[in-house]
Amino acid sequence: MTVTSTRIAVVEADPAARSRLAMQLGDQVADYRSVEAFSSSSSSSSSLDGRPTVVVLGPSCAVAPGLGGGEDLIHQRRDVGAILIAEELTTDLFQRALRTGVRDVLAAPVDTAQLNEAVHRVASSLGAAAAPAAPDPVEPLDGELGRMITVFSPKGGAGKSTVATNLAVSLALRSEKPVVLVDADFQFGDVAVMLKLAPKHTIVDALGAIDRLDVGMVQNLLATHPPSGLRVLPAPLEPAYSDRITPSDLTAVLGVLRTFCAFVVVDTPSYFDDKVISIIDQTDDLLLVAGMDIPNIKNVKIGLQTMRLLGTPMSKVHLVLNRSNSKVRLDVSEVERTLQVKAESLIPSDVVVPQSVNRGTPVVLESPKSGVARALEALADRFAPAAVSGRKKRR
Ligand SMILES: Nc1ncnc2c1ncn2[C@@H]1O[C@H](COP(=O)(O)OP(=O)(O)OP(=O)(O)O)[C@@H](O)[C@H]1O
Ligand SMILES: [Mg+2]
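Residues numbered from 1 in each chain as written. Chains lettered and ligands numbered in written order. Predicted model: local features only at pLDDT ≥ 70, side-chain atom pairs only at ≥ 80, totals over all residues.

Chemist: Explain the pairing of strand E6 (residues 147–152) residue by residue, including any values.
Modeler: When a strand is regular, its side chains alternate between the sheet's two faces. Counting buried positions over the six residues of E6 gives five, a clear majority of the element. Where E6 lies against strand E10 (residues 263–267), five bridges are found, and the strand directions are parallel. Directly across from Arg147, in E10, lies its bridge partner Phe263. Where E6 and strand E11 (residues 285–290) come together, four bridges link them in parallel fashion. Looking at the pairing, Thr150 lines up with Leu286 of E11. (Buried ≥ 20, exposed ≤ 12 C-beta atoms within 10 Å, placed from the backbone. Helix = DSSP H or I, 4+ residues; strand = E, 2+ residues; numbered from the N terminus. Pairing = 2+ DSSP bridges.)

Chemist: Report on unusual backbone geometry, specifying residues and quantitative values.
Modeler: Ala108 connects to Pro109 through a cis peptide bond whose omega is -5 degrees. By secondary structure assignment, the location of Pro109 is in the loop between strand E5 (104–107) and helix H6 (112–125). Not every positive phi belongs to a glycine, and Lys196 is a case in point at roughly 55 degrees. Within the secondary structure layout, Lys196 lies in the loop between helix H8 (191–194) and helix H9 (215–221).

Chemist: Tell me about the domain arrangement of the protein chain, and name the residues and values.
Modeler: Annotation of the protein chain at the domain level lists domain 1 (7–125) and domain 2 (147–389). Computed from C-alpha atoms alone, the centre-to-centre distance between domain 1 and domain 2 is 40 Å. Each side of the interface is counted separately: domain 1 has twelve residues, and domain 2 has nine residues. Elements with a contribution of two residues or more to the side of domain 1 that touches domain 2: helix H1 (15–25) and H6. It is H1 that contributes the most residues to the side of domain 1 that touches domain 2, five residues altogether. (Domains from an automatic or database assignment. Contact = placed C-beta atoms within 7 Å.)

Chemist: Let's hear about helix H16 (residues 371–381): which residues, and what values?
Modeler: When we look at burial in H16, the residues that qualify are Val372, Ala373, Ala375, Leu376, Leu379 and Ala380. The buried residues of H16 occupy one face: seen down the axis, they fall within an arc of 160 degrees. Among the structural elements, helix H7 (160–174), strand E13 (343–347), helix H14 (352–359) and helix H15 (363–366) are those in contact with the buried residues of H16. (Arc of directions from axis to C-beta.)

Chemist: Summarise the site of ligand 1; cite the residues concerned and give the values.
Modeler: Around ligand 1 sit 19 residues in total, of which Gly156, Lys160, Ser161, Thr162 and Val353 are the nearest. Mapped by element, the contributors of at least two residues to the shell around ligand 1 are H7 and H14. Each residue belonging to the shell around ligand 1 can be placed in one class, and the counts come to six nonpolar, nine polar and four charged. (Near = placed C-beta within 6 Å. Nonpolar A, V, L, I, M, F, W, Y, C, P; charged D, E, K, R; others polar.)

Chemist: How would you sum up the packing of H7 against H16? Please name residues and give values.
Modeler: The contact between H7 and H16 brings their axes to 9 Å, and the two run at 60 degrees. Here H7 is positioned oblique relative to H16, judged by the angle of their axes. Note that H7 runs across H16; the crossing there is right-handed. Across from Asn166, Leu167, Ser170, Leu171 and Arg174 in H7, the residues of H16 making contact are Leu376, Glu377, Leu379 and Ala380. Looking at the contact of H7 with H16 residue by residue, the classes come out as five nonpolar, two polar and two charged. (Axes fitted to C-alpha atoms, helices over the stretch in contact; angles between N-to-C directions. Parallel < 35°, antiparallel > 145°, perpendicular 65-115°, else oblique. Left-handed = near helix turned anticlockwise from the far one by under 90°.)

Chemist: Go over the nonpolar core, please, and point to the residues and values.
Modeler: The biggest cluster of nonpolar side chains holds 111 residues, and the ones touching the most others in it are Leu57, Leu84 and Val265. Residue contributions to this core peak at eight residues, all from H7. Counting contributing residues per domain, this core is built from domain 1 (7–125) and domain 2 (147–389), each supplying no fewer than three. If we ignore the near neighbours within four places in the chain, the residues touching Leu84 are Leu57, Cys61, Ala62, Leu67, Ala97, Val102 and Val105. (Core = buried A, V, L, I, M, F, W, Y, C linked by C-beta atoms within 7 Å.)

Chemist: Describe the environment of Lys316, with residues and values.
Modeler: Tracing the backbone shows Lys316 in the loop between helix H12 (294–309) and strand E12 (317–322). Looking at Lys316, the number of C-beta atoms within 10 Å reads 16, which means it is partly exposed. C-alpha separation for the pair Lys316 and Met194, spaced 122 residues apart in sequence, amounts to 27 Å. Sequence-distant contacts of Lys316, defined by excluding residues within four places in its chain, comprise Thr283, Asp284, Asp285 and Leu286.

See below:
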């Protein structure tokens, strides 16, 4: 006997409500404008025949006569179990819906965990051999927010993404609680490429539901880096989408991430804009990355001045000197003197870094014995000492 899995479909006329429900239900879901569109798609695709399906009827169906075709669908298809979402949940609607065979009725806006639970329940009642898995429940952190660590440099190519990805991977391996890396280089972010991930969602998918975000929904947007268990919120796939994201959108997403992730590491672009300034305002720690050449040092000096003007407490700024061993007639003490800040981390230059980038494996995993990996691990020690927390088993 072949094992059948349950399909999940969302039917909703309003595009924003439809995409929000689809986002809440994760990657497996198919979404349709109408019951008719759903019916024709499932009858035209023979491979789907006989597969039990949980259909989530959105708020527009709740107010349409005959549940927008939902009533007929329930009567005609024994392989379909329906859940109705209603903006206004009256006793009358509730009773009418249950009488027509709807398995569950939920009030909009529906909580992601509650919605997935209902889908799971209906899938089991359809007798599917393999009901859809409810998403891993995440425990909120005990009353405190996860620590936010931002990696920034006012100079392009200084090594921000290298530091951010390796630090995040290293913290993910040490932490029992989730660790997330947010790619806030919204135009040209390459975190996903550096970790060899093919993202299904990006922060742009959250924008339609920004005032109603919940943990389950944000969790569904994240990709997972299998070797470390690191969660990743990738940058938009198109640079143009960057303009659609406002500082308050970003604050909303970061706020939810901090409720369940022990560490939120943020990679940034190499300029100050309203989004970067808002990230710097919110962050607990700012790793300021500088390369070992005069243009780098000049820009970092200006960057430090800008941050002072913005009122950034210098106690949260930590200078990271990248390629610190480069023989470029500049030494670390000279750089520190010029910047009037002591370097808290020295990362040597090593060809294993571009090699690991090209392989899509962070250097802390690819060449853990290299000087550069050790320096990056030592940086992670500042936030989560390996000796205390112990290494988590790789997933
Ligand atoms: N310590 C290092 N040794 C050798 N190469 C390095 C080192 N750090 C970074 N690189 C290389 O420098 C290049 C730029 O690094 P990275 O992408 O991390 O910089 P960035 O600051 O994020 O750049 P951008 O401003 O474009 O986002 C990459 O090709 C990377 O492999
Ligand atoms: Mg970068």
